[in-house]
Amino acid sequence: TYVDAEGEPARLNAIVEEAFSRMGEDLQLEVMRQAFLGSGLLSGDLDGELAFIDLGSKKSSFLYSESYLPLLLYVSSKSEDVKQIRLIPHLDRNRVAIENRFANTPKFRLIKDIKWSRNPSSFDAFRQLADDRAPYLMTSYLLVDEFNRLLRADGEEMLHYSAAPLVK
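Here goes a summary of the coordinates provided. (Residues numbered from 1 in each chain as written. Predicted model: local features only at pLDDT ≥ 70, side-chain atom pairs only at ≥ 80, totals over all residues. Heavy atoms only, no water.)

Focus on the pattern of salt bridges
Point 1. The tally for this structure, following the rule as stated, stands at seven salt bridges.
Point 2. Between Asp131 and Arg127 there is a salt bridge whose closest N-O contact spans 3.8 Å.
Point 3. Overall, Arg127 belongs to the partly exposed group, its relative accessible area being 37%.
Point 4. For Asp131, a relative accessible area of 38% gives the class partly exposed.
Point 5. Each of Arg127, Asp131 and Arg133 takes part in a single network of salt bridges with overlapping partners. (Salt bridge = Lys/Arg side-chain N within 4 Å of Asp/Glu carboxyl O. Buried < 20%, exposed > 50% of the residue type's maximum accessible area, 1.4 Å probe, protein only.)

Right, here's the structure in full:
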């Protein structure tokens, strides 16, 4: 419900549309895969990205707005034991599903004591957790919270998450 191309409520789309409307600027939003988005920005075919999440270095050829939504990465799990995890070293020797856009940054590449299960999308990372291929998933608190809202509506068991964000 944060970014959507199918006509469903999309909160980030609404924030950005309102901001551009107040500036009197025309705006066309399109949901794209990360690989196409990156090449579109580099080639100049696209003017910008609204849901930019990257823990890598900022590119000097791009301009960045101030953050309008915090990125808080928590570890989530089907097990309530995840509530005891407060620091990244608490995950040592465990398999943790994570999206490529986080895993492929220096912040995570340097952490060798965790068995990272790298995934191309949020869906794939959640699938690792759902299929019990990884007992933990590191992702945005907002995404886990939204996923739990959907699980609650279907009467399903919700995910648990660490007591604090492991990355801010």
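Some remarks on the packing of aromatic side chains
Geometry of an aromatic ring pair is reported as the spacing of the ring centres plus the angle between the planes.
Point 1. Going through the model one piece at a time under the given rule, you end up with five aromatic pairs.
Point 2. Aromatic pair Tyr74 and Tyr141: ring centres 5.1 Å apart, planes at 50 degrees, arrangement tilted. Pair noted here: Tyr74 is in strand β1 (residues 73-77) and Tyr141 is in helix α6 (residues 141-153), with a separation of 67 residues, a long-range link.
Point 3. Take Tyr74: its relative accessible area is 12%, and that puts it in the buried class.
Point 4. Their ring planes at 40 degrees and their centres at 4.5 Å tell us that Phe126 and Phe147 sit as a pair that is tilted. Taken together, the positions of Phe126 in helix α5 (residues 122-130) and Phe147 in helix α6 put the pair 21 residues apart, joining distant regions of the chain. (Phe/Tyr/Trp six-rings, centres within 6.5 Å; stacked < 30°, edge-to-face > 60°. Helix = DSSP H or I, 4+ residues; strand = E, 2+ residues; numbered from the N terminus.)

Things to note about helix α1 (residues 11-23)
Point 1. End to end, α1 covers 19 Å across 13 residues, agreeing with the expected 18 Å (1.5 Å per residue, within 8%).
Point 2. By the burial criterion, the buried members of α1 are Leu12, Asn13 and Val16. The buried residues of α1 occupy an angular sector of 100 degrees when projected down its axis, which confines them to one face. Across from the buried face of α1, at angles greater than 90 degrees, the exposed residues are Ser21 and Arg22.
Point 3. Gly24 sits one or two residues past α1 and shows a positive phi near 70 degrees. (Expected span 1.5 Å × (residues − 1). Arc of directions from axis to C-beta.)

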